[in-house]
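Okay, here's what each chain looks like letter by letter:
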Amino acid sequence: KLEDLEIHLRPNETRERTPTLAVLRKNGSIQLRSCNIQLEKGSSRNPPSLISIGTSTELMAMDASTPKPPAGTSNILIDRCKIRGECNLFRNRTNRIADLQITDSYLALVGVMAYLDPPAESSPQAGNFQLKLHHTSVATGGPCMLFKGIKPLTSPLGIRLQESIF
């Protein structure tokens, strides 16, 4: 749980990896409340991600907290935050289920809000991702969501927008 923080992430120019503020492992969860976050791209080929599943980083890793969320689900809550920069908000490089909930927040991103990029050897489905926005304004410099290597949906993609602006 991160609360009432000012975070400015500027990637180290000598690193090859895509920078990430928090990496969720297993069925990890994270809560960001009342944070002001700015991410810069730097010289990396890929824009940084605020939160990732399945990528490696040296910044911060969040293991499952107690009590545990339902098996296999990573829960992400962003509440009353301002997030801006040359970044992706969320990137999932696994087949694990992710539940992203954003409330009372403002997002201004050059990247995408959700980038689903599962491993090629798996049989990924977009239905493994749930997005809920409530009282949130979103401005992106490209598509809102990006799916790479996702097979046709066999389950619905859960997106719920309530009193939000794109």
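This one's a predicted model, so the numbers in the text were calculated from it and none came from an experiment. (Residues numbered from 1 in each chain as written. Predicted model: local features only at pLDDT ≥ 70, side-chain atom pairs only at ≥ 80, totals over all residues. Heavy atoms only, no water.)

Visitor: Even after reading the chapter, I still don't get the overall build of the protein, so can you show me in this structure?
Guide: Looking only at helices and strands, the protein has zero helices and 17 strands in total. Within the span of the protein, comprising 166 residues, buried residues form 43% of the whole. When contacts within the protein are restricted to residue pairs at least 6 apart in sequence, those whose partners lie at least 24 apart make up 84%. Just so you have it, the protein exposes about 8600 Å², and 50% of that area is on carbon and sulfur atoms. (Helix = DSSP H or I, 4+ residues; strand = E, 2+ residues; numbered from the N terminus. Buried < 20%, exposed > 50% of the residue type's maximum accessible area, 1.4 Å probe, protein only. Contact = heavy atoms within 4.5 Å. Areas by Shrake-Rupley, 256 points an atom, 1.4 Å probe, with all protein chains shown as cover.)

Visitor: Could you clarify how one ought to interpret the sheet that holds strand S4 (residues 29-33) in this entry?
Guide: Within the open sheet, the six strands sit side by side as S1-S4-S8-S11-S14-S17. Their pairing is parallel. In the strand order of this sheet, the two ends are held by strand S1 (2-3) and strand S17 (158-162), each with one partner. Two strands pair when backbone bridges link them, and S4 and strand S8 (residues 73-79) are joined in this way by five bridges, in the parallel orientation. Bridge pairing in S8 links Ser-29 to Asn-75. (Pairing = 2+ DSSP bridges.)

Visitor: Even after reading the chapter, I still don't get unusual backbone geometry, so can you show me in this structure?
Guide: Negative phi is the rule for most residues except glycine; trans is the rule for most peptide bonds. In this structure, Asp-104 is a non-glycine residue whose phi angle is positive, near 45°. If you trace the backbone, Asp-104 turns up in the loop between strand S11 (97-103) and strand S12 (106-109). Phi is positive for His-135, close to 50°, though the residue is something other than glycine. You can see His-135 is positioned in the loop between strand S14 (129-134) and strand S15 (137-140).

Visitor: Would you take a moment to explain the pairing of strand S3 (residues 20-24) for this structure?
Guide: Two faces make up the sheet, and in a regular strand the side chains alternate between them. Within S3, five of the five residues are buried, leaving the element largely enclosed by the surrounding structure. Pairing between S3 and strand S6 (residues 49-53): four bridges, direction parallel. Of the residues in S6, the one forming a bridge with Leu-24 is Ile-53.

Visitor: Help me understand the nonpolar core in this model?
Guide: Generally speaking, a soluble globular protein has its nonpolar side chains buried in company with each other. In this structure, Leu-50, Ile-78, Leu-89 and Phe-90 are the most contacted members of the largest nonpolar core, which totals 34 residues. Contact partners of Leu-50, with chain neighbours within four places excluded, come to Thr-20, Leu-21, Ala-22, Leu-32, Ile-37, Leu-39, Ile-78, Ile-83, Asn-88 and Leu-89. (Core = buried A, V, L, I, M, F, W, Y, C linked by side-chain atoms within 4.5 Å.)

Visitor: Help me understand the side chain of Asp-99 in this model?
Guide: Summarising the element assignment, Asp-99 is placed in strand S11. In this structure Asp-99 comes out as buried when scored by relative accessible area, which is 18%. Setting aside chain neighbours within four positions, we find Asp-99 in contact with Thr-73, Ser-74, Asn-75, Ile-76, Gln-130 and Lys-132.

Visitor: Explanation requested: the environment of Arg-80 in the structure shown.
Guide: The residue Arg-80 is located in the loop between S8 and strand S9 (82-85) in this model. With 48 residues separating them along the chain, Arg-80 and Leu-32 place their C-alpha atoms 8.3 Å apart. Setting aside chain neighbours within four positions, we find Arg-80 in contact with Arg-33, Ser-34, Cys-35, Thr-103, Asp-104 and Ser-105. Within the structure, the side chain of Arg-80 is placed 2.5 Å from the side chain of Asp-79, a separation counted as a polar contact. (Polar contact = N/O pair within 3.5 Å; in protein donor to acceptor, adjacent residues only side chain to side chain.)

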